[in-house]
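As a plain string of letters, each chain reads:
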Amino acid sequence: MRNEIVGYLGSGEFTEEDAKKLTGINIAFGRLHNDGSVSCNGREDRLDMIPQIRKWNPNLRIVLSMVQAERDAFTTCCADGELREKAAAALAETVLKYDLDGIDLDWEYPCVPSNNSVVSPDDRQNFTLFCKAVRRHLDAAEAGKYYLTIAAGADLFYVNCVELPRLMEYIDYINVMTYDLKCGFHALAGHHTALFSKPADVFMNSCAQALDLFVRYGVPADRLLMGAAFYSRRWEDVRDSDAHGLLEICPRGGGYGPDYDILLKDYINRNGYTEYWDEEAQAPYLFNGSTFFSYDNARSLKAKANYVREKGYGGIFYWEHKCDDTRTLLDALYGEMNRQTGTDD
């Protein structure tokens, strides 16, 4: 797996041109219930599109991404042998029913009670057992290759809460969520999806650092996808400075900001906002004297794509497709990932 471009696809328009520029889509979301059942309520529009999408690009990998319907669904299903089997069988049946190419498990996060989840210390081992069961049911479904992937947190907490590299025996690749690296938990205005860390940043987190961490924990580089953000994070009441608000302490954490298409229309070098480029981090940001935005743009995505190619990572995925109806960001990724270098990749 090399030079992958995978988009999470929720609402919004999806076109033939989009399908031909991507190697995969993760339909967001199906739901896992704590009784081991699976539902796709609200995703029928996307699932009904699959025959048309396959006509547009027969090679496009179409995967259903799963979140939990109840606070304890993943922990409960992973912990119980019968429920593991029931859920794994239900996921394989869903793949066959809708002519999917596989399943993506978006559990945020094993062992960590974020997003109001109910978790257990046993999640670490039980998640491996669950992925093993899903892998077995997918392999038994019928002839052909079915994919099993996961979305993973981009920091030390995550690699300590799952069994790497044992997990890699059953999954095909990991979508490392290298965004929200600065978020509501951080009262420091900074880059939420920067390629490189800044020594002056006390949190020292970045896309490159996160992927390197997974490699050091035993994951092959070519089975890791770097995350890109098609949306922004916003900090308000930021003190002006020579760095235009960058790394300034704020009264509160960074909430969600506008999607990229809105930034392009109303904010980037408009309405009092100026776009700046951090060469060290390879990341853009906006500032108007008091409000700070962090996001990806075409330049930062080209840098990310070039980096994953050079380092032999599997590729890039992004959250999410609807956030840029101009296709500026997808075009930047596609152009750089398919750029001819004159060398064998």
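Look up a bit, the structure's there.
Residues numbered from 1 in each chain as written. Predicted model: local features only at pLDDT ≥ 70, side-chain atom pairs only at ≥ 80, totals over all residues. Heavy atoms only, no water.

Peer 1: Got a minute to help me understand the overall build of the protein in this structure?
Peer 2: Summing up its helical and strand segments, the protein has eleven helices and 14 strands in all. The C-alpha radius of gyration computed for the protein amounts to 20 Å, which stays within 12% of the reference 20 Å derived for 345 residues, consistent with globular compactness. Taken along the three principal axes of its C-alpha coordinates, the protein extends 60 × 45 × 40 Å. Taking contacts inside the protein between residues at least 6 apart in sequence as the whole, the part at least 24 apart equals 71%. Counting every atom, the protein has about 13900 Å² of accessible surface; 47% of that belongs to carbon and sulfur. Averaging the positions of the 37 positive and the 53 negative side-chain charges in the protein gives two centres separated by 1 Å. (Helix = DSSP H or I, 4+ residues; strand = E, 2+ residues; numbered from the N terminus. Rg over C-alpha atoms; globule rule 2.2 N^0.38 Å. Contact = heavy atoms within 4.5 Å. Areas by Shrake-Rupley, 256 points an atom, 1.4 Å probe, with all protein chains shown as cover. Lys, Arg positive; Asp, Glu negative; His and termini not counted. Charge placed at Lys NZ, Arg CZ, Asp CG, Glu CD.)

Peer 1: How should the sheet that holds strand β12 (residues 283–287) be read in this particular structure?
Peer 2: Strand pairing in a sheet relies on backbone hydrogen bonds, with the paired strands running either antiparallel or parallel. The strand order across the open sheet built from five strands is β10-β9-β13-β12-β11, with neighbouring strands paired in antiparallel fashion. Because the sheet does not close on itself, it has two edges, and the strands there are β10 (255–259) and β11 (274–278). Across the sheet, the axes of successive neighbouring strands diverge by a mean angle of 35°, strand direction being ignored. Bridge count between β11 and β12: five bridges; the pairing is antiparallel. Among the inter-strand pairings, T274 is bridged to a residue of β12, identified as F287. (Pairing = 2+ DSSP bridges. Axes fitted to C-alpha atoms, helices over the stretch in contact; angles between N-to-C directions.)

Peer 1: It is not clear to me how helix α8 (residues 207–216) should be interpreted in this structure. Could you clarify?
Peer 2: Working note: α-helix, 3.6 residues per turn, so residues spaced by three or four point in the same direction. Of all the residues in α8, the buried ones are C207, A208, A210, L211, L213 and F214. At its buried positions, α8 is contacted by β6 (147–153), α7 (156–159), β7 (173–177), β8 (224–229) and α10 (298–311). Of the residues flanking the start of α8, the one acting as N-cap is S206, its side-chain oxygen 3.2 Å from the backbone nitrogen of Q209. Remark: G218 follows α8 within two positions and exhibits a positive phi of approximately 105°. (Buried < 20%, exposed > 50% of the residue type's maximum accessible area, 1.4 Å probe, protein only. Polar contact = N/O pair within 3.5 Å; in protein donor to acceptor, adjacent residues only side chain to side chain.)

Peer 1: Any chance you could explain the environment of N271 here in plain terms?
Peer 2: Of note, N271 is situated in the loop between α9 (260–266) and β11. Its relative accessible area of 63% is what places N271 among the exposed residues. A sequence separation of 51 residues divides N271 from P220, and the C-alpha atoms of the two residues are 45 Å apart. Only 2.7 Å separates the side chain of N271 from the backbone oxygen of D266, close enough to count as a polar contact.

Peer 1: Whenever I open this one, the side chain of S241 confuses me. Can you help?
Peer 2: Within the element layout of this structure, S241 appears in the loop between β9 (231–235) and β10. Given the relative accessible area of 18%, S241 is considered buried. Excluding anything up to four places from it in sequence, S241 contacts L246 and E248.

Peer 1: For this particular structure, what's the right way to read the packing of aromatic side chains?
Peer 2: The relation between two aromatic rings is expressed through the spacing of the ring centres and the mutual angle of the planes. For the structure on display, the rule yields 21 aromatic pairs. Aromatic pair F29 and W319: ring centres 5.7 Å apart, planes at 15°, arrangement stacked. Linking F29 in strand β2 (residues 24–32) with W319 in strand β14 (residues 315–319), this pair joins segments that are 290 residues apart in sequence. Since its relative accessible area comes to 17%, F29 is described here as buried. Pairing F230 with Y318 gives two aromatic rings, centres 4.1 Å apart and planes at 5°, and the pair type is stacked. Here F230, found in the loop between β8 and β9, pairs with Y318, found in strand β14; they are 88 residues apart in sequence, far enough to count as distant. (Phe/Tyr/Trp six-rings, centres within 6.5 Å; stacked < 30°, edge-to-face > 60°.)

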